[in-house]
Amino acid sequence: MDFLHAITDWMSLVMETAAQNYWWFVFLVFLVCVGEAVFIAGLLVPSLPILLLVGGLIATKNLNFWPIFLAATAGGIVGDAISYWIGYFLKDRIKTVWPFKHYLPLIARGEIFFQRHGGKAIFIGRFITGLKAVVPGIAGMLGMNWGYFTFINVISAFVWAATHILPGMFLTQWLESIGLSLELVLIFGTLILTAVFVIIHYWKRIVLFFAPWMGEYGKSLQARWAKTTEESGH
């Protein structure tokens, strides 16, 4: 808890200092969102807590929402595009180049995920910790059409930015109304968003877990999904 408090204080200080200069703050949000999407490097950028805090600052300081939201969206688009072109130009050589060669299991997982889901992997992968830092690069490695990639990249970036910033805004307003601190936005927000993303990604597994208590309907679901779930890893 002390560690979380220290991290929260540090990020709050950085973001609140930046918020004193609105357009510097907007640019910082853009850079964070570019960084979190770049191939492998995105593993080092804690975009979820940062964007929850961004939402909190929008709410507490009455900052103009749209430039910040569009900066986050644009950063996600640019970061994924950079990853795509890294994968496109390096192809399989990426597995022998530093620092990518140190993340071969994650890259292999990303390849399996992309081959299983195709274009949907760009959208879904953006919300999964770890995979979001490799899936766009995998799309480039495997030669996904640039126009199709860009279409999904843009749409998913708008949804991704909204699902990270808006909860921070709403949670901050609620917590302030009951006298609690901004620090709890990180705790509640991270737990809620993580739960939502897990449910979206693993919903079949979750339903199958409860199938034995769902009577005949549960049995029919087990018969219909069990085999394909085992084969696909879903």
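To be clear, the structure that these remarks concern was listed above.
Definitions and cut-offs
Residues numbered from 1 in each chain as written. Predicted model: local features only at pLDDT ≥ 70, side-chain atom pairs only at ≥ 80, totals over all residues. Heavy atoms only, no water. Helix = DSSP H or I, 4+ residues; strand = E, 2+ residues; numbered from the N terminus. Buried < 20%, exposed > 50% of the residue type's maximum accessible area, 1.4 Å probe, protein only. Contact = heavy atoms within 4.5 Å. Areas by Shrake-Rupley, 256 points an atom, 1.4 Å probe, with all protein chains shown as cover. Expected span 1.5 Å × (residues − 1). Core = buried A, V, L, I, M, F, W, Y, C linked by side-chain atoms within 4.5 Å. Patch = residues over 30% accessible without salt bridge, like charges linked within 9 Å, V, L, I, M, F, W, Y side chains within 5 Å. Salt bridge = Lys/Arg side-chain N within 4 Å of Asp/Glu carboxyl O. Phe/Tyr/Trp six-rings, centres within 6.5 Å; stacked < 30°, edge-to-face > 60°. Lys NZ or Arg CZ within 6 Å of the ring centre and 35° of its normal. Axes fitted to C-alpha atoms, helices over the stretch in contact; angles between N-to-C directions. Parallel < 35°, antiparallel > 145°, perpendicular 65-115°, else oblique. Left-handed = near helix turned anticlockwise from the far one by under 90°. Nonpolar A, V, L, I, M, F, W, Y, C, P; charged D, E, K, R; others polar.

Caption draft 1: Summary view of the overall build of the protein chain. Helix and strand counts for the protein chain stand at 11 helices and 0 strands. In sequence order, the protein chain lays out its α and β elements as α-α-α-α-α-α-α-α-α-α-α. In the protein chain, buried positions account for 46% of the 234 residues. Contacts spanning at least 24 positions in sequence make up 72% of the contacts within the protein chain whose residues lie at least 6 apart. Summed over all atoms, the accessible surface of the protein chain reaches about 12,100 Å², with 70% contributed by carbon and sulfur.

Caption draft 2: Seen up close, helix 2 (residues 22-35). Across its 14 residues, helix 2 extends 20 Å between first and last C-alpha, which sits within 8% of the 20 Å expected from 1.5 Å per residue. Listed in full, the buried residues belonging to helix 2 are Tyr 22, Phe 25, Val 26, Leu 28, Val 29, Val 32, Cys 33, Val 34 and Gly 35.

Caption draft 3: Expanded view of the nonpolar core. In terms of nonpolar packing, the biggest core is built from 25 residues, with Phe 25, Val 29, Val 54, Ile 58 and Ile 68 touching the most fellow members. Mapped onto this core, the elements with two or more residues apiece are helix 2, helix 3 (47-61), helix 4 (65-90) and helix 8 (146-177). Examining the composition of this core, we find that 7 residues originate from one element, helix 2, more than from any other. Tyr 84, Leu 90, Leu 131 and Val 135 belong to the second largest nonpolar core, which has 22 residues in total.

Caption draft 4: Representation of a nonpolar patch on the surface in the model. Taken together, the side chains of Trp 66, Leu 70, Tyr 148, Phe 151, Ile 155, Phe 158 and Val 159 define a hydrophobic patch exposed on the protein surface, amounting to about 710 Å² of accessible area. The greatest single-element share of the nonpolar patch, amounting to 5 residues, is contributed by helix 8. Given the relative accessible area of 42%, Leu 70 is considered partly exposed.

Caption draft 5: Molecular detail of the packing of aromatic side chains. One pass over the full model with this rule turns up 18 aromatic pairs. Following the ring pairs from residue to residue traces out a cluster consisting of Tyr 84, Trp 85, Tyr 88, Phe 89, Trp 146 and Phe 149. A cation sits over an aromatic face here: Lys 91 above Tyr 88, 3.9 Å from the ring centre.

Caption draft 6: Here's a closer look at the packing of helix 2 against helix 4. At a closest axis distance of 7 Å, the pairing of helix 2 and helix 4 adopts a crossing angle of 30°. By the criterion of interaxial angle, the relationship of helix 2 to helix 4 is roughly parallel. When you trace helix 2 past helix 4, the crossing you get is right-handed. Contacts from Tyr 22, Trp 23, Phe 25, Val 26, Val 29, Phe 30, Cys 33 and Val 34 in helix 2 reach Pro 67, Ile 68, Ala 71, Ala 72, Ala 74, Gly 75, Gly 76, Val 78, Gly 79 and Ile 82 in helix 4. For the contact of helix 2 with helix 4, the per-class residue count stands at 15 nonpolar, 3 polar and no charged.

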